[in-house]
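Architecture at a glance
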Amino acid sequence: MAKIGIVMLYLFTQKQLGLIELELKSLGLWSSQMPSAQALADPTPFACESLAFEQWLQFIFIPKMSEIIAQKTSLPTKIALAPMAEYLWQERSEMRQLIFLLNQLDECLSEPR
């Protein structure tokens, strides 16, 4: 992928992370309470045994992705956040926008580079 493409990918990812954060806040799912170090170290996918999915997004995913962008290291090439969100929140219509934002990020990062 051309250098301009990589720059655009970083910019899009950073914008999506900001939109996901705003949506979590508007839904009242953004926490001011940091989970324990033990919960954050949960090795299961999405730290599902210790954290709610929205906590994983806030305290693990968004910071890790922000660090990748700041350091200009390789972004993940295949992610699938939206299916987990759909599974968890399928009955909650207020979550549609958040699921949509996660799906956009999934699609962008999973495109061939």
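See above for the structure.
One structure accompanies this document, and this report is about it.

Calculation rules
- Residues numbered from 1 in each chain as written.
- Predicted model: local features only at pLDDT ≥ 70, side-chain atom pairs only at ≥ 80, totals over all residues.
- Heavy atoms only, no water.
- Helix = DSSP H or I, 4+ residues; strand = E, 2+ residues; numbered from the N terminus.
- Expected span 1.5 Å × (residues − 1).
- Buried < 20%, exposed > 50% of the residue type's maximum accessible area, 1.4 Å probe, protein only.
- Salt bridge = Lys/Arg side-chain N within 4 Å of Asp/Glu carboxyl O.
- Contact = heavy atoms within 4.5 Å.

Look at helix α5 (residues 96-110): 21 Å from first C-alpha to last across 15 residues, which is about the 21 Å you get at 1.5 Å a residue. Residues of α5 that are buried: Leu98, Ile99, Leu101, Leu102, Leu105, Asp106, Cys108 and Leu109.

Our next topic: the pattern of salt bridges. Using the criterion set out here, one finds 2 salt bridges in the structure. Lys25 serves as the salt-bridge partner of Glu21, at 2.7 Å between the closest nitrogen and oxygen. Of this pair, Glu21 and Lys25 both sit in helix α1 (residues 3-26), 4 residues apart, which is roughly one turn of that helix. The exposure class of Glu21 is partly exposed, given its relative accessible area of 24%. Given a relative accessible area of 40%, Lys25 falls into the partly exposed group. Of the charged contacts in the structure, one is a salt bridge between Arg92 and Glu94, with a shortest N-O distance of 2.8 Å. Owing to a relative accessible area of 35%, Arg92 belongs among the partly exposed residues under this scheme. Judged by relative accessible area, Glu94 falls into the partly exposed class, the value being 38%.

Moving on, we come to the environment of Leu40. As for its position among the elements, Leu40 is in helix α2 (residues 37-40). Overall, Leu40 belongs to the partly exposed group, its relative accessible area being 28%. Along the primary structure Leu40 and Leu29 are separated by 11 residues, whereas in three dimensions their C-alpha atoms are 17 Å apart. In this structure, Leu40 is in contact with Met34, Pro35, Leu51, Phe59 and Ile60, ignoring residues within four places of it in sequence.

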